[in-house]
Amino acid sequence: MRLTILGGGGFRVPLVYGALLRDRAEGRVTHLTLYDLDPARLAAIARVLRDQAARARAEGVLDAPEVTVTTDLDEALRGADFVFSAIRVGGLEGRAADERIALAEGVLGQETVGAGGIAYGLRTIPVAVDIARRVARLAPDAWVINFTNPAGLVTEAMARHLGERVIGICDSPVGLARRVARTLGVADPASARIDYVGLNHLGWLRGLYVDDRDVLPGLFADDTTLTSFEEGRLFGADWLRSLGSVPNEYLHYYYFNREAVTAYQQAKQTRGAFLRDQQARFYEALATGADQATGADQERPGAAWDAWDRTRAEREAAYMAENREAAGAGERAEDDLESGGYEYVALALMRAVARDESTTLILNVRNARPGGGRVLDVLDETAVVEVPCLVDATGAHPLAVSQLTGHEAGLVAAVKAVERCVLAAGESGSRREAVKAFALHPLVDSVQVARRLLEGYRGAHPGLGYLRKD
Ligand code: G6P
Ligand code: MN
């Protein structure tokens, strides 16, 4: 079986390869193709993978997946059974610019939420659509697993060309469900039915069923329980009681927007700038040799990556503590840092499809029930939503969920309308649609701000050159 990773020079690729090396089951990946625009990053990661394979061989793994690297997209796609799309158009420099330009206007520039998400979406859509068209032509039977953010929006753009063959993933909903299940003392979280509904980074956990009984109400019993896990501390017991559900952590940017914007403005570095500097240092060290701080060592790139990954967790914790304090979110407990794990969700999905091992995962798919009808009544059937799905060899099929009502339905409909403007701009090149996207977003407070945002972003990103005046 052949797997291709677009964005193959990314620092998370060794995590995926590590998981592939541990996979001993029938029908596992035998060939891995890494595609990236940047040959230096590609070479650095390929060396890490070679070292990982050598170490696995020493431990008795005789059939490590063969790795090929290429900067030719068509070559990467031809013959692929699965394509992981994990690209970052404009790089982390672009992400930092998304944040900076939004903050200068006093609005949020997060990579997936608000103005920043729109800017990132606008430059990613044309690239994602081009990839989708090529997959349809060169690997029509391949399944595309999209990690590229903003994941829901990008998946919807690709689904216009690939239909059900593209599935979007995010590890935050399963992370949330796992934390809540642990807090409630659910013995076997994997067997609980999760009623999680919304769009990517805009969903709510509304029920957790163990043996057909909803145990979620138990969470609201007392403040100690309610604030003993990440989302509880982030939103506060009182606000969670008001909602009666547990929002995805990204909803903090909506419910506490003013505090989030202020915290970002006061932070020494924005998230994108922080990650840009960290990663630049890592690739530099891998390319040039030993580096005390990261533990990089040219002779043993696999060990160097491990060391970097270990210290990454420490740097993360320090960054989080500093910036969350400013946002009034308090410190994050150690066990809350563990997310669902991208490689875990992606490989679980790939396995279920490849081996027809039916499983339930929360995924980004079209809003259509297998037997007809919609999952969420508030959106049309082509809208990509994030909901629990039953996955098998025939793909990901949304399960029934409780309907969103009131404020949640309104917010989801409003943000989907914004996404549609981004998609229209991305496909037609219309600047009017792009301004509309910014202006209609609930976190952008004026049409004038929207116009200035687009001009600011056009000035900063060559990737937005396709937007023409209309
Ligand atoms: C979470 C989100 C992802 C995001 C990841 C890394 O898992 O669900 O969408 O890509 O965090 O975020 P970072 O800010 O570290 O790039
Ligand atoms: Mn995500």
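Keep in mind the model is a prediction, meaning the values are calculated, not measured.

Calculation rules
Residues numbered from 1 in each chain as written. Chains lettered and ligands numbered in written order. Predicted model: local features only at pLDDT ≥ 70, side-chain atom pairs only at ≥ 80, totals over all residues. Domains from an automatic or database assignment. Nonpolar A, V, L, I, M, F, W, Y, C, P; charged D, E, K, R; others polar. Helix = DSSP H or I, 4+ residues; strand = E, 2+ residues; numbered from the N terminus. Expected span 1.5 Å × (residues − 1). Buried ≥ 20, exposed ≤ 12 C-beta atoms within 10 Å, placed from the backbone. Core = buried A, V, L, I, M, F, W, Y, C linked by C-beta atoms within 7 Å. Contact = placed C-beta atoms within 7 Å. UniProt positions renumbered as here; feature names shortened; annotations may be inferred. Pairing = 2+ DSSP bridges. Right-handed = clockwise from strand over helix to strand, strands pointing away. Axes fitted to C-alpha atoms, helices over the stretch in contact; angles between N-to-C directions. Parallel < 35°, antiparallel > 145°, perpendicular 65-115°, else oblique. Left-handed = near helix turned anticlockwise from the far one by under 90°.

Digging into the domain arrangement of the protein chain
Step number 1: Along its sequence, the protein chain is carved into domain 1 (2-166), domain 2 (173-255) and domain 3 (261-327).
Step number 2: Put simply, the middle of domain 1 and the middle of domain 2, counted by C-alpha atoms, are 30 Å apart.
Step number 3: Partitioned by chemical class, the residues of the side of domain 1 that touches domain 2 number four nonpolar, four polar and no charged.

Comments concerning helix 7 (residues 172-183)
One full turn of an α-helix is made of 3.6 residues, so residues set three or four places apart face in the same direction.
Step number 1: In this model, helix 7 (12 residues) spans 17 Å end to end at C-alpha, consistent with the 16 Å of a helix rising 1.5 Å per residue.
Step number 2: Turning to helix 7, its buried residues number three or more, namely Ser172, Pro173, Val174, Gly175, Leu176, Ala177, Arg178, Arg179, Val180 and Ala181.
Step number 3: In the segment just after helix 7, Gly185 is the residue with positive phi, at about 70 degrees.

A closer look at the nonpolar core
Across soluble globular proteins, you tend to see nonpolar side chains buried next to one another.
Step number 1: Ranked by internal contacts, the top residues of the largest apolar core, which has 141 residues, are Val83, Phe84, Leu108, Ile145, Ile169, Leu349 and Val422.
Step number 2: For this core, the element with the most residues is helix 5 (residues 114-138), which contributes 10 residues.
Step number 3: When residues no more than four places from it in sequence are discounted, the contact partners of Ile169 are Ile145, Asn146, Phe147, Ala151, Val345, Ala346, Leu349, Leu363 and Asn364.

Quick notes on unusual backbone geometry
Step number 1: With an omega dihedral of -10 degrees, the bond running from Asn149 to Pro150 counts as a cis peptide bond.
Step number 2: Along the polypeptide, Pro150 turns up in the loop between strand 5 (143-146) and helix 6 (151-162).
Step number 3: Positive phi values are uncommon outside glycine, yet His201 reaches one of about 60 degrees.
Step number 4: Mapping His201 onto the fold places it in the loop between strand 7 (193-199) and strand 8 (202-210).
Step number 5: On the neighbour-count criterion, His201 (24 C-beta atoms within 10 Å) is buried.
Step number 6: Even without being glycine, Asp356 reaches a positive phi, approximately 55 degrees.
Step number 7: Note that Asp356 resides in the loop between helix 15 (342-355) and strand 11 (359-366).

Quick notes on the UniProt feature "site: Increases basicity of active site Tyr" (unreviewed entry) in the protein chain
Step number 1: Per the UniProt entry, the sites bearing "site: Increases basicity of active site Tyr" (unreviewed entry) are Glu111 in this numbering.
Step number 2: Note that Glu111 resides in the loop between helix 4 (91-104) and helix 5.
Step number 3: Sequence-distant contacts of Glu111, that is, excluding residues within four places in its chain, are made with Arg95, Asp98, Gly116, Gly117, Tyr120, Asn149 and Gly272.

A short note on the UniProt feature "binding site: substrate" (unreviewed entry) in the protein chain
Step number 1: The sites that UniProt annotates as "binding site: substrate" (unreviewed entry) are Arg95 and Asn149. Of the residues just listed, which span 55 residues, no C-alpha pair is farther apart than 11.1 Å, and they cluster in one region.
Step number 2: Tracing the sequence through the fold places Arg95 in helix 4.
Step number 3: The class of Arg95 is buried, set by 25 C-beta atoms lying within 10 Å.
Step number 4: Following the sequence through the fold, Asn149 ends up in the loop between strand 5 and helix 6.
Step number 5: Those residues in contact with Asn149, other than ones at most four positions away along the chain, are Glu111, Thr112 and Tyr120.

Considering the pairing of strand 3 (residues 66-70)
Step number 1: Across five bridges, the pairing between strand 2 (residues 31-35) and strand 3 is parallel. Among the inter-strand pairings, Tyr35 is bridged to a residue of strand 3, identified as Thr70.
Step number 2: In this fold, the crossover linking strand 2 to strand 3 by way of helix 2 (residues 39-58) has right-handed handedness.

Observations concerning the packing of helix 5 against helix 16 (residues 406-428)
Step number 1: Direction vectors running N to C along helix 5 and helix 16 enclose 50 degrees, while the axes themselves pass 9 Å from each other. Viewed along their axes, helix 5 and helix 16 adopt a mutual orientation that is oblique. The handedness of the crossing between helix 5 and helix 16 is right-handed. In this structure, helix 5 uses Ile118, Gly121, Leu122, Ile125, Pro126 and Val129 to contact helix 16, whose residues at the interface are Val418, Val422, Leu423, Ala425, Gly426 and Glu427.
Step number 2: Residue classes in the contact of helix 5 with helix 16 are distributed as nine nonpolar, two polar and one charged.

Structural notes on the environment of Val135
Step number 1: Tracing the sequence through the fold places Val135 in helix 5.
Step number 2: Put simply, Val135 and His407 are 272 residues apart on the chain and 38 Å apart in space, counted from C-alpha to C-alpha.
Step number 3: When sequence neighbours within four positions are dropped, the list of residues in contact with Val135 reads Leu77, Val83, Ala142, Val144 and Leu162.

Re the pairing of strand 11
Step number 1: Along strand 11, six of the eight residues are buried, which leaves the element largely enclosed by surrounding structure.
Step number 2: Taken together, the eight bridges between strand 11 and strand 12 (residues 384-392) define a ladder with antiparallel strand orientation. Bridge pairing links Val365 to Val385 in strand 12.

Describing the environment of Ala318
Step number 1: You can see Ala318 is positioned in helix 14 (residues 301-326).
Step number 2: The class of Ala318 is exposed, set by 10 C-beta atoms lying within 10 Å.
Step number 3: Spatially, the C-alpha atoms of Ala318 and Val378 are 41 Å apart, while their sequence positions differ by 60 residues.

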